[in-house]
Structure formats: structure tokens, C-alpha cells
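Coordinate inspection notes
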Protein chains: 2
Amino acid sequence: MQARVGILGAGQLGRMLALAGYPLGIECVLLDRDERSPGAQVARFKAAALDDAEAAASLAAEVDVVTVEIENVPADVLRAAARHAPVHPPPDAVAAAQDRLAEKELFRSLGIPTTPFVRVDTSHDLDRAHRELGLPLVLKARRMGYDGRGQRIVRNAEELHGAWSALGEVPAIAEAWVDFDRELSLVAVRGANGQRAFYPLSENVHRDGILRISVAPFEDERLQRNAEERVDALMQRLDYRGVLALEFFHANGELLANEMAPRVHNTGHWTIEGAVTSQFENHLRAVLGWPLGDASPRGHAAMVNLLGNPPPLDALLSLPGVHVHLYGKSPRPGRKIGHCTIVDPDRRRLLERLAALTNVIEVSLPNPTPRNP
Amino acid sequence: MQARVGILGAGQLGRMLALAGYPLGIECVLLDRDERSPGAQVARFKAAALDDAEAAASLAAEVDVVTVEIENVPADVLRAAARHAPVHPPPDAVAAAQDRLAEKELFRSLGIPTTPFVRVDTSHDLDRAHRELGLPLVLKARRMGYDGRGQRIVRNAEELHGAWSALGEVPAIAEAWVDFDRELSLVAVRGANGQRAFYPLSENVHRDGILRISVAPFEDERLQRNAEERVDALMQRLDYRGVLALEFFHANGELLANEMAPRVHNTGHWTIEGAVTSQFENHLRAVLGWPLGDASPRGHAAMVNLLGNPPPLDALLSLPGVHVHLYGKSPRPGRKIGHCTIVDPDRRRLLERLAALTNVIEVSLPNPTPRNP
């Protein structure tokens, strides 16, 4: 092998990173708690908790570079690793994405528009949020949220304090409700010497806070340029190396930044078949300081997450041109156990095929009513 | 994992099969002599010689199906495995490809045109070959030849007996020299219930008996149909399951079958990026009895083998859209240590990019003079 990359986390993202590495002669070594993790099934694995700084340091000592596949690795653990090998993205960048308030303030400091938000540490803050943002609003725990966890939608004043109690009265952020037209995301990658590549915008459909479908490219030159400028500003500020994803609400013709992920991202899974170079390969190239690959799309792509139940594999493989990606996870309600991608040179035909695919998977089709995630 | 496939052989073909399996939830278990084999680096591995029938049987006992990534596995070893699990392709099909004479006679019995050939067991046969085929002719050992090994070109009568001595006077086959226009190959796959899929013809350039470049699709409807009919006849006769490759000389507007490979094939590596479903995924689907994937091309593709020296990775990755596949082998003169693929919707632009790529790899460009491999 030409190079070794240590990855903190061995979920499906670590698994797909490891698989993208092999053809380039890159061996990934994954660290996570459970030896049955998706990544542990396909790559070298070290069993340890993600908050175990000593384990992270010992991983770092045997690889060329350390990276993460999950943003919830404590920054101190990353700093411990950084004493033995370069860590990309930088610990501070990962830390910024761990706190919804810090993240939004970072966006604001760079002039990146967001939904109006209010910091909520006390019951008094909550009332201020109500006054300033109106209703409905979305109350989110500042830390450790993903896939819709740690969030409550507050539709009327009576629900306000109960919602915060339900979150455990943890430090939170209240955000104004946005009647957005659609959700878009930009996956970008920054390498050594400031080299950058931007994937086209992806249009995403969430349900119950979990991503169901991504379709790319969402072709709008102005929005693409806007999104690239914003992600570029973020990456520069954070001295970033690796893949960064930024999720937006598209409302009234403008982009409002919702959240960022300092890692490869579910809304970029379509790049495996739908782009010249996948987000996984580009992340590895970036953290190793290798030249970045072409992020151009190859036609149009749609990705559908497989949630909960074991997928009907035979039916899926019988649909022409369906690419199946299973993560080796045991089924559990709502759990992401895999995804499917279809690509087509023609967008209209792609969407017809997407309807047939979602029919087989029995996921619901996009809801025509705009909703908050 | 959903399924387990045992693979006899852990070279680069086994490696790419294993990597194609993971996304589908297929775990490959590879058997080969050397634990540093390309496949052993990415998948579960059992160390044993490929002529060890007991090891093959024990591998078979723990998988759903057994297959091969190299045609030189003795048929008896495959039959030993077949007592514990289905073996695809069938042992007799693999055996047919191990003997150049049996192979040519099989072609002839199916009405598949070949170069004129003569069986050579004795010095007397050699003189008959000379009389019947003329000169130059190509003398090939019947068994264990690959990448140009076990072959001698005989250009004049004086070289005749020396060439056979050089081969060790083993059972051989003499073939008439063909001034072909080009070499083409067809990679096909047959699944359960006779389901079949055919990749488009690939045009291949060999040098010193080793494949250097494949470009696909070679677009000629009549030749494509001819090639498909011939491979189809072969697969039916052999009760075949899996990927089968058939190499042709294209001479005087017609296809002459040269040799077959009962496995995934170097001239099909372009399918990873250049076809909807790769030959590796389709081989796994076929041997497991799963529905086959779409074998249609995605634009035009060119594959260049990386031979001998460590490749200039940085320069390769700096070329836009170059897909690098390294096999984890230590460099050695003439050894296939990896390959690169580029794809482009436009064939002319692809060939321009191919020229730039070969320039970086420093392989020679296609020789304009027709030559025998």
C-alpha cells in the first residue's frame, strides 16, 4: 500500500472511505467501539471508544494522517492524535460543527445568511426566542444532534417550555421556522495548497429528520456560485482539509445555511456513480495532500436511502442500472442500512426511474408540501 | 453480509471481485499461496496452494458458491470443491480453457472460426504444421500459458525445431500467423436461468504478449452481433455461469477466435467506470444466481495497464478524470501492478486524453503495424 489513513469512526462513511482507498493503494485503519461496525467488516480495525484519546494517539502513531467520519469525536481526542500525525480536517473545524450555536455564529461572522436564531440557555432566553422569532420555531440542542435527534418543533406557545424540558433543558438554539421551497446541499473538498473542488448542488428530501432522497445536479448557476462562495469562505476560515458539506434551505430564491458537516456526507453518496471522482476518494486525496479529482457530474443521479427493513435485494437488482450499497448493519426501524443510486444522462428519465425505484423500496416519494427537517 | 463467495486465486482479479462484493453485502473469501497477494490485502484469506484439493473443499464448506479468478486451477480441485458448494463456472468449462488445443477444437465444433492450427505432439507433427500452415507460425504450449508465456514465433524453417525445444517439447499447438487489423475481445456474463448480458467489444493492444491498452466500445453492430452469438454458443455448450471473455483477431473484416478466459478479464477492467455494471459485480451476481446488471457502456472508456515500475502516482492523479487502480504488488519488470481508466462521452476526446495519459505512464502508444501477440 502507498499510504495509510487512520479514521475515527467505522460507520458506513468509514466503510465507504476504506473501499474508495483500496484502488489507490490507500489502507484505512478504522477505530470505533463495535467490531461489527460497517467499516470493521472491510478494513483494518481497532476497537476503542471515540472519546479515548490514548487510542486515537496510538492510531495516529501508525498512520500517515488521521481523519474523522463522524463529527462527534471530542476535539481533545483529535488534538491528542495531532501530536503523532497530521489531523484533517483540523480539530477546531470539527469542534465548530459540534455546536449548533458556534456553527451559526461562524456562518454569521462570514456573512453567510442563516435562518434567524436565538441562543437558549435559560427559560428567560426561551421567551425571548418566542418574541423575536415568532411561531412555529425549532428548538435544537446545541450538541450531539444528528438525523433529527435533539430537535423539537414548537407550533404554539403552550408547547414552548415542554419542548425544552423534553430536550433536558440542555444549552440549545431556537431557530425561526422557514417555509423553504427545497433543501439543497453542497459537498466540497479542499486539499493541500488551497486546491479546491466543488460538487454540484444536490436537492435533498428529508422525512422525520432523516435524509430519504438526494437528486443531483440541481442546476442553477447563480445558486451554485453562491453556495461555492460560502463553502469556500468557511473552508478558508477553518484552514480546512478534506470534504465539507453545507446544507441549505432554498427559500424566496435565496440560500440560508442550515448546518455543516466536517466529513463526507449522505447527500454526496450519489457521487460514487454520479461524479467523475467520488466524495470518498476526494476526501482521502485531500487529507493525504494528493491532487484532487474532478468533481464534475456524470449525467444526473438520484440516491435513495434504505431505512430500517432488510431491502428487497432481488427486486432492486432486477431494476436496470440500480447500484446497491449495503452497510452490513442489522436492520432496525429508521436505521440507515444502505442506499441505492441510479444515474441517467436525462433528468426527466432519471426521475421516472426514481419513482420506480422508490416504489420497490417502499419509501415515500417527496412530499409536495415544504416542511422543516 | 448477505452472501459469501469463495474465490480460488487472490491476484488482482480476486482483489477487484472482493471490492465489488462489499457494496452488495457479499463477502469474498480468497484462497492463494501468498498472504501478501493483492486480494489478501482487502478480503478474508486462506493460505493454500491452488492445487490443494483439500483446502478448496474446506473453503467450499464455508461459502455459498465457489469461483475462480485464474484458469489454471486443476479441474480435480474444482470437483473436490463442488462436493461442498456449487462451483461456477463449471469445472469442465475451466478445464476446456486450460488446453489450447481442446479450446480450439471446442471453437471448431461450434462453428466458431479460428486461425488454422495443427496439433504438435511429435517432431513429425512439427513438420506437418510447417507444411500445412506455412511460415511464420506461432508455436504455443498447450497448457499453462498466459501473458505471452509458453509461446514462440517461428519466422523461418531453421527456427522450427529450436522453438519447440525452447518450449521443452511439451504438447503444443501450432497456429498460422495472422496479419490481423486489430485485436478485439468480448466480455459476457451468464447467470441463473440462462440470463445473459454482453459488454460491447473492446479493442486491445498487446505488446510482448502483454495487454497494454483496451478501448471500448468498438462500435460495429455486425461484429458485435457475431461476437455475441459465438460467446453465447460457448456459454450454452459449457453450461456456463459467470463472466467469460473471448479474444478475437479482426482480419479481413471477420472475427477469428483466439482464446477464451473463464473468468473476469483484463480487457474488461474498463467496465468499472465505463459500464453501468462492472464485470466484477456481474460475475458475483451471476455465480450467486442473482439478477444480472446492465452491461451497457457509459460513454467511451480507455484502460491502460501499469507495468513494472511504480507508477508516477502524483502525475497520474493530476490528470483530470484518471481513475487509478493499484493492486498492492511489489514492482517487477513487466509485472501488471495496476491499471488506469479514463472515460469520456466523446471518443475522439477520449483518444486525445489517452495519448496524454500514456505519455505520463510512458507506455508506448499503439503500434500502427499489425502484429501477432
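Remember, predicted model here, so these are calculated numbers, not experimental data. Residue numbers run consecutively from 1 along every chain, following the written order of its sequence. Note on labels: chains are lettered from A, ligands numbered from 1, in written order. With the structure being a predicted model, the display of local features is reserved for residues of pLDDT at least 70 and the display and counting of side-chain atom pairs for 80 or more, all residues being used for whole-chain, interface and lining totals.

**Re the interface of chain B and chain A**
By the convention adopted here, residues make contact when the C-beta atoms placed from their backbones lie within 7 Å. At the interface, 24 residues of chain B touch 24 residues of chain A. Secondary structure is summarised from DSSP: a helix means a run of H or I of at least four residues, a strand means a run of E of at least two, and numbering begins at the N terminus for each. For the side of chain B that touches chain A, the elements supplying multiple residues, two or more each, are α11 (313-318) and β16 (323-326) of chain B. The greatest single-element share of the side of chain B that touches chain A, amounting to four residues, is contributed by α11(B). The residue classification treats Ala, Val, Leu, Ile, Met, Phe, Trp, Tyr, Cys and Pro as nonpolar and Asp, Glu, Lys and Arg as charged. All others, Gly included, are polar. Residue classes in the side of chain B that touches chain A are distributed as 14 nonpolar, six polar and four charged.

**A short note on the pairing of strand β8 (residues 172-176) of chain A**
All names here are of chain A. Using C-beta atoms placed from the backbone, we call a residue buried if 20 or more other C-beta atoms fall within 10 Å of its own, exposed if 12 or fewer do, and partly exposed for counts in between. Taken across its five residues, β8 has four buried, putting it largely inside the fold. DSSP calls a pair of strands paired once it identifies at least 2 bridges connecting them. Bridge count for strand β5 (residues 117-120) against β8 is four bridges, and the pairing is antiparallel. The residue of β8 that forms the bridge with R119 is I173.

**Some points on the domain arrangement of chain A**
Think of interface size as the accessible area that goes away when the parts come together; that is how it is often given. Domain boundaries assigned for chain A yield domain 1 (3-87), domain 2 (116-176) and domain 3 (182-361). Segmentation of the chain into domains, including their bounds, is taken from an automatic or database domain assignment. Its C-alpha centre places domain 1 of chain A at a distance of 34 Å from the equivalent point of domain 2 of chain A.

**Brief notes about the relation of the copies chain B and chain A**
Least squares is the method for superposing the copies, and the C-alpha atoms it fits come from residues with pLDDT of at least 70 in both. The transformation that overlays chain B on chain A combines an axial shift of 0.0 Å with a rotation of 180°, and the residual RMSD is 0.0 Å. Viewed as a symmetry operation, the transformation between the two copies matches a two-fold axis.

**Structural notes on the sheet that holds strand β3 (residues 44-47) of chain B**
Residues and elements named next belong to chain B. Pairing within the open sheet is parallel, and its four strands lie in the order β3-β2-β1-β4. With one partner strand each, in any of the chains shown, β3 and β4 (65-68) form the two edges of the open sheet. The mean angle between the axes of side-by-side strands here comes to 25°, regardless of whether they run parallel or antiparallel. Orientation is described by lines fitted to C-alpha atoms, with helices fitted over the stretch in contact, and by angles between N-to-C directions that extend from 0 to 180 degrees. Running at roughly 165° to strand β2 (residues 26-32), helix α1 (residues 12-21) makes contact with β1 (3-8) and β2 of the sheet.

**A word on the pairing of strand β1 (residues 3-8) of chain A**
Residue and element names in this part refer to chain A. Direction of pairing for β1 relative to strand β2 (residues 26-32): parallel, over a ladder of six bridges. In the sheet register, L8 faces β2, and the bridge partner there is L31. Sheet topology places β1 next to strand β4 (residues 65-68); four bridges connect them, and they run parallel. The residue bridging L8 from the neighbouring strand is V68, located in β4.

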